[in-house]
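# Architecture at a glance
So you can see what is in the structure, the chains are spelled out below.
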Amino acid sequence: MGWGRWLAAGVVALVVVGGIVLYHYPRERTPSAVASAAGGEPAAHHVGGQACAQCHAGEYGAWQGSHHDLAMQEANEQTVLGDFADATFSYAGTTSTFFRRDGKFLVNTDGPDGTLADYEIKYTFGVTPLQQYLIEFPGGRLQALSIAWDTRSKEQGGQRWFHLYPDERITHDDELHWTGAQQNWNTMCADCHSTDLKRNYDEATRSFKTSWSEVNVSCEACHGPGSRHVDWARQSVSASGSGSTDPAKGLTVSFGERRAMVWTMDPQRGIARPSQAHPLHAELEVCAPCHSRRTPIAENFAAGKPFLDHYLPALLTAPLYHADGQQRDEVYIWGSFVQSKMYHQGVTCSDCHEPHGLKLRAQGNEVCAQCHLPARYDAASHHFHKEGGAGAQCTACHMPTTTYIVIDPRHDHSLRVPRPDLSVKLGVPNACTPCHGDKPAQWAADRIEDWYGRPYEGFQRYNLAADGAEATKQFLSLLEDHGQPDIARATAAEALAQMPDPATLAAAREALADDSPLVRHAALATIELLPPEERVQLVAPLLADAVRMVRMEAARVLASVPASALTPGQKASFDRAAEEYVAAQRLLAERPEHRTNLGSFYAQRGRYEEAEAEFRAALTLPPTHVPAWVNFADMRRTQGRDQDAEAILRDGLKTAPDSAPLHHALGLTLVRLQRSGDAVAELAEAARLAPEDPRYAYVYAVALNSTGQLREALDVLAQALTRHPDDREMLLAAATFNRDYGDQTAAIGYAERLRRAAPGDPAAAKLLQELRADAGVSE
């Protein structure tokens, strides 16, 4: 029996389909049947979309016709759209065959060991513009096949099999292979494509018993568990009418915030003004979990609960975003939208999108005309393109697209003005040259200036990839500019951790009290560099922060501080926040990154046996996870067991022989073991493998100098500084090494560069002053 028929029957408490446990509450179940954990008011639970349809048939019908692009369905004649009539597809030396047998849909393709085998399609995943297929593996795992069906018409280039990584060669030993953890449905896909999903991972058996209330994104995914709403509705139609006074109508979230906003057209500017010029959060908090690049940090999110108490969102860093904050990788809207001026003025998702039918509120430029006067903005005098043409579309200039999963173009929701001048300066994309492909970015920048008389900066004014002498100044300025998006300010705060000096440390201290939890969280990266005593003083208050994301990071930053350094109250707060941190890592215990995080946390707490268990677990998920090897070895260093650390790192190099971090860590270990010749060789290999990381070249040069190879050290620094001209550590080393070599002119030159790169660092100023004095040179 298909899931839809189980749902309609409304009598199933537990169903097992394809090894996956599906839970569904019968429609007539009442809230009184479920007691809350506190033993007081009954806990709300999910009742299913068909219960909602009894009173909301219009919305439910619109939803049914819209969410098929997210749908997961059992594979059958009605749901499978791909060609399974012995169709073949070749990729990376493997030919896969799609076929039918005994009424089932199968594919013969390469499995986890690279051998061809037959796999049954258990579920379809998606409808437009592509359909993927899920295959069941032992342990309750569902894996998403990387060969997908293009459901577009032939005229659009569709009706074909294609690979999601066409420009790469993904074979069975690659982490992106369809049988690996990166393509695991339970972890990577499920919680945004089903309602009330519980992954139910068992660490002991390394298996899943994943459950959901509905297989699709249904009503309760956005409105929260509906049992109390059903109860409210029953009371509202009763003679007493009780329940009707509840403004949330028994739901866990109310979307009335938007209704309180009034927009009035300003005829002079041609733009509507909001009655309350500030961001609205209710809708975005519900949409963000599935429309953001984020990591879950707590279970049981439901509509109405705070986003940042349950998820840690990615900041505007490479390779996810371009230097100016435009989308680059698949970032799912939220990080872009919260950069927009529209968001900061009070525009929210449903101002433009009808949430049930997933259609725009109006077609084309009319959706923008709700707030932007067409006579002023939908006119050639504004867009300078043929009216009604592609270039006259608002989205063409203000929401350019990036294509993901090969065939799915998605609009950038940061809603920015075209900046081809930034393409010239920063190498970022712009909205002009994709259409004018025969023209350079400078041509487009000139046209903008011709039309408007000057380059128009727009709302977003930052370079998040700044480096060199101006980087510190730019990031400090951005962090302190409360008129810029919080997510950009947080990105700046995090970047400052790589530029420690008195000014950046002072800014980080102040940022710990910022109104934005994103900024408070990011500032802790710089505070972590401080001595334990000062760290405790600054960070301890954040152990009781209102936002879980901040509390957890505060606990991590204080993990290495001895308990004796904390007051009883601080220790109690630390224990609570540490418990949240550990629970967040356990939430994704099937991932090596999170087991490594746990191992590192326990190691800092001196809980070495627990740390070792976590590191060893990480190294089976899989053994190529380099940070687990490096951090495990570093724990042995803190224990004074450098010979064991060497053995761990050499084992790691057997699985990842070209890993610069492993070679680097091994080199440092050999230094401590006083095997300088072997150490220098390993440090040299790390620098060779990762020339993009200045730290490796710096340490290699220091090692050369320490072994009496000063001339060779200077050569290494000179070469690395051509790639990283403003790296502070290397400039300092070049200045002091040249002084020791007797080349005062070169030493002063490097010290001058260091002073420009670190204008707020008194040590840099002092070094330059001393070198000039020694050489008898005035400023």
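Residue numbers here run from 1 along each chain, matching the order of that chain's written sequence. Local features are withheld for residues below a pLDDT of 70 in this predicted model, meaning they are given only at 70 or higher, and side-chain atom pairs are given and counted only at 80 or more; totals for whole chains, interfaces and linings count all residues. Think of the side-chain values as coming from all heavy atoms in the structure, minus any hydrogens and water.

### Things to note about the overall build of the protein
- For the purposes of this entry, the term helix denotes a DSSP run of H or I that reaches at least four residues, the term strand denotes a run of E that reaches at least two, and both are numbered from the N terminus. When its secondary structure is counted, the protein shows 33 helices and 21 strands.
- Computation of the radius of gyration draws on C-alpha atoms, with the globule rule given as 2.2 Å multiplied by the number of residues to the power 0.38. Whereas a compact globule of 779 residues would reach a radius of gyration of roughly 28 Å, the protein reaches 29 Å, a difference of no more than 12%.
- With respect to the three principal axes, the spread of C-alpha positions in the protein is 95 × 65 × 65 Å.
- Burial here depends on accessible area, computed with a 1.4 Å probe over protein chains only, as a share of the maximum for the residue type. Under 20% is buried, over 50% is exposed, and the range in between is partly exposed. In the protein, buried positions account for 48% of the 779 residues.
- Throughout, a contact is declared for two residues whenever any of their heavy atoms are within 4.5 Å. For the protein, the proportion of contacts with a sequence separation of at least 24, taken over those separated by at least 6, is 53%.
- Working note: accessible area of the protein is about 36600 Å², and carbon and sulfur atoms make up 51% of it.
- Both charge centroids of the protein, one from 74 positive and one from 98 negative side chains, sit 2 Å from each other. Calculation of accessible area relied on Shrake-Rupley with a 1.4 Å probe; when residues are assessed, cover is drawn exclusively from the protein chains displayed. Residues scored as positive are Lys and Arg, those scored as negative are Asp and Glu, and His as well as the terminal groups of each chain are ignored. We put the charge of a Lys on NZ, of an Arg on CZ, of an Asp on CG and of a Glu on CD.

### What about the confidence of the model for the protein?
- Averaged over the protein, the pLDDT score is 90; the fraction of residues at 70 or greater is 93%.
- Per-residue pLDDT stays below 50 along residues 1-40; that stretch engages in 81 contacts with residues further than four places along the chain or on separate chains. Confidence scores labelled pLDDT are given residue by residue by the predictor and lie between 0 and 100.

### Remarks on the state of the cysteines
- Cysteine sulfur pairs qualify as disulfides if the two atoms are within 2.5 Å. In total, this model carries 1 disulfide according to the counting rule given.
- Through a disulfide, Cys-192 is tied to Cys-290; the S-S separation comes to 2.5 Å. Given an S-S torsion of about -100°, the disulfide between Cys-192 and Cys-290 has left-handed geometry. With Cys-192 in the loop between α4 (185-188) and β12 (201-202) and Cys-290 in the loop between α7 (282-287) and β16 (294-296), this pair connects stretches of sequence that are 98 residues apart.
- When its relative accessible area of 32% is taken as the criterion, Cys-290 is described as partly exposed.
- Sulfur of Cys-219: no disulfide; nearest cysteine sulfur belongs to Cys-52 and is 3.8 Å away.
- In this model Cys-222 remains outside any disulfide bridge; the closest cysteine sulfur is found in Cys-287, 6.4 Å from its own.

### Details of the nonpolar core
- Put simply, buried Ala, Val, Leu, Ile, Met, Phe, Trp, Tyr and Cys residues joined by side-chain atoms within 4.5 Å make one nonpolar core. Residues Trp-334, Phe-475, Leu-479, Leu-543, Phe-574 and Phe-601 are the most contacted members of the largest nonpolar core, which totals 92 residues.
- With near-sequence residues (within four places) excluded, Phe-475 lies in contact with Asn-463, Leu-464, Ala-466, Ala-492, Ala-495, Leu-496 and Met-499.

### Description of the packing of aromatic side chains
- Put simply, two rings from Phe, Tyr or Trp (the six-membered ring, in Trp's case) pair if the centres are within 6.5 Å, and we call them stacked under 30 degrees between planes, edge-to-face over 60, tilted for the rest. For the coordinates displayed, the defined rule picks out 23 aromatic pairs.
- Note on Phe-384 and Trp-451: the rings are 4.8 Å apart at their centroids and 5° apart in plane angle, and the pair reads as stacked. Highlighted residues: Phe-384 in the loop between α12 (380-383) and α13 (394-398) and Trp-451 in helix α15 (residues 441-452), separated in sequence by 67 residues.
- A relative accessible area of 31% places Phe-384 in the partly exposed class.
- Each member of the aromatic cluster is reached from another via a ring pair, and the members are Phe-84, Phe-98, Phe-105, Tyr-133, Trp-149 and Trp-161.

### Observations regarding a nonpolar patch on the surface
- Surface patches are defined over residues having more than 30% relative accessible area and no salt bridge, joining like charges when they lie within 9 Å and nonpolar side chains (Val, Leu, Ile, Met, Phe, Trp, Tyr) when within 5 Å. Think of a salt bridge as a Lys or Arg side-chain nitrogen and an Asp or Glu carboxyl oxygen that are within 4 Å of each other. Judged by side-chain polarity, Phe-384, Trp-451 and Tyr-452 come together as a nonpolar surface patch covering roughly 270 Å² of accessible area.
- Positionally, Tyr-452 belongs in helix α15.
- Residue class for Tyr-452 comes out partly exposed when judged on its relative accessible area of 40%.

### Here's the deal with the pairing of strand β20 (residues 401-404)
- Strands are labelled as partners when DSSP assigns at least two bridges between them. Here β20 pairs with strand β21 (residues 408-411) via 4 bridges, running antiparallel. In the sheet register, Thr-403 faces β21, and the bridge partner there is Pro-409.
- Linking β20 back to β21 in an antiparallel pair, the connection comprises 3 residues, with Ile-405 at a positive phi of about 40°.

### Section: helix α24 (residues 608-618)
- The set of residues buried in α24 consists of Ala-611, Glu-614, Phe-615, Ala-617 and Ala-618. Angular distribution of buried residues about the axis of α24 spans 160°; they occupy a single face of the element.
- Along its buried surface, α24 packs onto α22 (568-587), α23 (592-604) and α25 (626-638). This arc is taken over the directions from the axis of the helix to the C-beta atoms.

### Comments concerning the pattern of salt bridges
- Under the counting rule described, the total for this entry stands at 49 salt bridges.
- Put simply, Glu-77 and Arg-100 hold a salt bridge, and the shortest N to O gap is 2.7 Å. Of this pair, Glu-77 sits in the loop between β3 (72-74) and β4 (87-91) while Arg-100 sits in strand β5 (residues 94-101), and the two are 23 residues apart along the sequence.
- A salt bridge links Arg-672 to Asp-642; its shortest N-O distance comes to 2.9 Å. One end of the pair, Arg-672, is in helix α27 (residues 660-672); the other, Asp-642, is in helix α26 (residues 642-655), and 30 residues separate them in sequence.
- Arg-672 gets classed as partly exposed once you look at its relative accessible area, which sits at 35%.
- It is possible to trace a salt-bridge network through shared partners that takes in Glu-203, Arg-586, Arg-595 and Glu-614.

### Considering α27
- Expected span of a helix: the number of residues minus one, times 1.5 Å. For α27, built from 13 residues, the straight-helix expectation of 18 Å at 1.5 Å per residue is met to within 8% by its first-to-last C-alpha distance of 19 Å.
- Buried within α27 we find Ala-660, Leu-662, His-663, His-664, Ala-665, Leu-666, Gly-667, Thr-669 and Leu-670.
- Summarising the contacts, the buried residues of α27 are in contact with α25, α26, α28 (676-689) and α29 (694-706).
- In the analysis that follows, any N or O atom pair within 3.5 Å is treated as a polar contact, provided that within protein one partner can donate a hydrogen and the other can accept it, and provided that, for residues neighboring in sequence, both atoms belong to side chains. Of the residues flanking the start of α27, the one acting as N-cap is Ser-659, its side-chain oxygen 3.3 Å from the backbone nitrogen of Leu-662.
- Following α27 by one or two positions, Gln-674 adopts a phi angle in the positive range, close to 60°.

### Considerations on unusual backbone geometry
- Residues Thr-128 and Pro-129 are joined by a peptide bond in cis, for which omega reads 0°.
- Note that Pro-129 resides in the loop between β7 (116-125) and β8 (130-137).
- One non-glycine residue, Asn-300, adopts positive backbone phi at about 60°.
- Counting through the fold element by element, Asn-300 comes out in the loop between β16 and β17 (311-313).
- Overall, Asn-300 belongs to the partly exposed group, its relative accessible area being 43%.
- Within the chain, Phe-384 stands out as a residue other than glycine whose phi angle is a positive 55°.

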